[in-house]
Amino acid sequence: MARSIARDHDAKRGQILATAARVFAETGYDRTSMSQLAEACGISKANIYHYYPGKEALLFDILESHLSTLRDRMAAIQGRGLSAEAHLHAVILEVLMAYRGADDQHRVQIDAMAALPADRQAVLRSYQRDMVAQLAAVLRRAAPTPLADDKRRLHAATMSVFGMLNWFYMWNREEGEAARRDYAALVARMVLRGLPGLAG
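Because the structure is predicted, anything quoted here is derived from the model rather than measured.

### Digging into the confidence of the model for the protein chain
Next up, step 1: Averaged over all residues, the pLDDT of the protein chain equals 90, while 94% of them reach at least 70.
Next up, step 2: In the model of the protein chain, helix α8 (residues 145-148) stands out as the element of lowest mean pLDDT, 77, in contrast to helix α4 (residues 55-75), which has the highest, 96.

Have a look at this one:
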C-alpha cells in the first residue's frame, strides 16, 4: 500500500525549502550535505528524503518557487487597467516587496543556479525571460516612440531598471515597506521623467 500524504505535508515542505535556502546561502550549495539540511530542519535524514530525493531537487524547488512567484506577482498587475505610468510604478513596487524577506533565495539564485542540469536551468531562465519581457512591455507603453521601437535600447533600459532594484536589494535589505514604497516612486519618476522629475 502506498504511503499516505500527511495533512501538513505542504507546510513541512515549505519549511524545509526555507531552511535549505538559508543553509545553502550561508554554507554554500556544494558544501552542504543532506545530513546537514536534515539537522537544520530538525528532522531525521530519512524524513528529509521522504520530501526530497536529494540536494538538486531541493535547489530546483527553492529557485522554481522563488522565480515563478515573482513572475506571477508581476503578471497579476497586468489586469488592473492601470495607466502606463501607474503600471510601471506598481511593477517596480511589487518587485521590491517580493524581494523583502527573500535574501536567502536571491543569494542561492546568484550562487548556485549553475549547479543545476541544463534542462532545469532552462526552466528557471524562462521565468527570468518572462519577467524581463513583462517589464519591457510596461516600459514600451510609457516610452516615446523612438525608444519603444528600438529593441536594443529598450532591452538596455529594462535591464537598467532591474539593476536599480537589485541595488536596493544589495544595500537596503533591512528596509521596511515605507522605504520600499519611497524608492519605487523614485525609480518610476526617474525612469519616466529623468532627474528633473525627482524635484516634483
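Let us keep going from here.
### Description of the environment of Pro53
Next up, step 1: Topologically, Pro53 is positioned in the loop between α3 (45-51) and α4.
Next up, step 2: Residues Pro53 and Met34 lie 19 residues apart in sequence; the distance between their C-alpha atoms is 9.5 Å.

### Considerations on the packing of helix α9 (residues 151-171) against helix α10 (residues 177-193)
Next up, step 1: Interhelical geometry of α9 versus α10 gives an angle of 155° and a closest axis separation of 11 Å. By the angle between their axes, α9 is roughly antiparallel relative to α10. In terms of crossing hand, the pair formed by α9 and α10 is right-handed. Of the residues in α10, those touching α9 at Val161, Met164, Leu165, Trp167 and Phe168 are Ala179, Arg180, Tyr183, Val187, Met190 and Val191.
Next up, step 2: For the contact of α9 with α10, the per-class residue count stands at 10 nonpolar, no polar and 1 charged.

### Notes on helix α2 (residues 34-41)
For the α-helix, the turn length of 3.6 residues means that residues three or four positions removed from each other point alike.
Next up, step 1: Of all the residues in α2, the buried ones are Met34, Leu37, Ala38 and Cys41. With its buried residues spanning 100° around the axis, α2 presents them on a single face.
Next up, step 2: Note on α2: the residue one or two positions beyond its end, Gly42, has a positive phi of about 75°.

### Remarks on the nonpolar core
Next up, step 1: The biggest cluster of nonpolar side chains holds 56 residues, and the ones touching the most others in it are Phe24, Leu58 and Ile92.
Next up, step 2: Sorting elements by how many residues they give to this core places helix α5 (residues 84-99) first, with 10 residues.
Next up, step 3: Look past the residues within four positions of Ile92 in its chain and what remains in contact with it is Val161, Leu165, Ala184, Val187 and Ala188.

### Thoughts on the pattern of salt bridges
Next up, step 1: Inspection of every chain in the model, using the stated rule, returns 9 salt bridges.
Next up, step 2: Residue Arg120 pairs with Glu56 through a salt bridge whose shortest N-O separation is 3.9 Å. Note that Arg120 is positioned in helix α7 (residues 118-142) and Glu56 in helix α4, a separation of 64 residues in sequence.
Next up, step 3: Judged by its relative accessible area of 27%, Arg120 is partly exposed.

### Digging into a nonpolar patch on the surface
Next up, step 1: On the surface, a nonpolar cluster with roughly 390 Å² of combined accessible area is contributed by Trp167, Met170 and Trp171.
Next up, step 2: Along the chain, Trp167 turns up in helix α9.
Next up, step 3: We classify Trp167 as partly exposed; its relative accessible area is 41%.

Conventions adopted
Residues numbered from 1 in each chain as written. Predicted model: local features only at pLDDT ≥ 70, side-chain atom pairs only at ≥ 80, totals over all residues. Heavy atoms only, no water. pLDDT = per-residue confidence, 0-100. Helix = DSSP H or I, 4+ residues; strand = E, 2+ residues; numbered from the N terminus. Axes fitted to C-alpha atoms, helices over the stretch in contact; angles between N-to-C directions. Parallel < 35°, antiparallel > 145°, perpendicular 65-115°, else oblique. Left-handed = near helix turned anticlockwise from the far one by under 90°. Contact = heavy atoms within 4.5 Å. Nonpolar A, V, L, I, M, F, W, Y, C, P; charged D, E, K, R; others polar. Buried < 20%, exposed > 50% of the residue type's maximum accessible area, 1.4 Å probe, protein only. Arc of directions from axis to C-beta. Core = buried A, V, L, I, M, F, W, Y, C linked by side-chain atoms within 4.5 Å. Salt bridge = Lys/Arg side-chain N within 4 Å of Asp/Glu carboxyl O. Patch = residues over 30% accessible without salt bridge, like charges linked within 9 Å, V, L, I, M, F, W, Y side chains within 5 Å. Areas by Shrake-Rupley, 256 points an atom, 1.4 Å probe, with all protein chains shown as cover.

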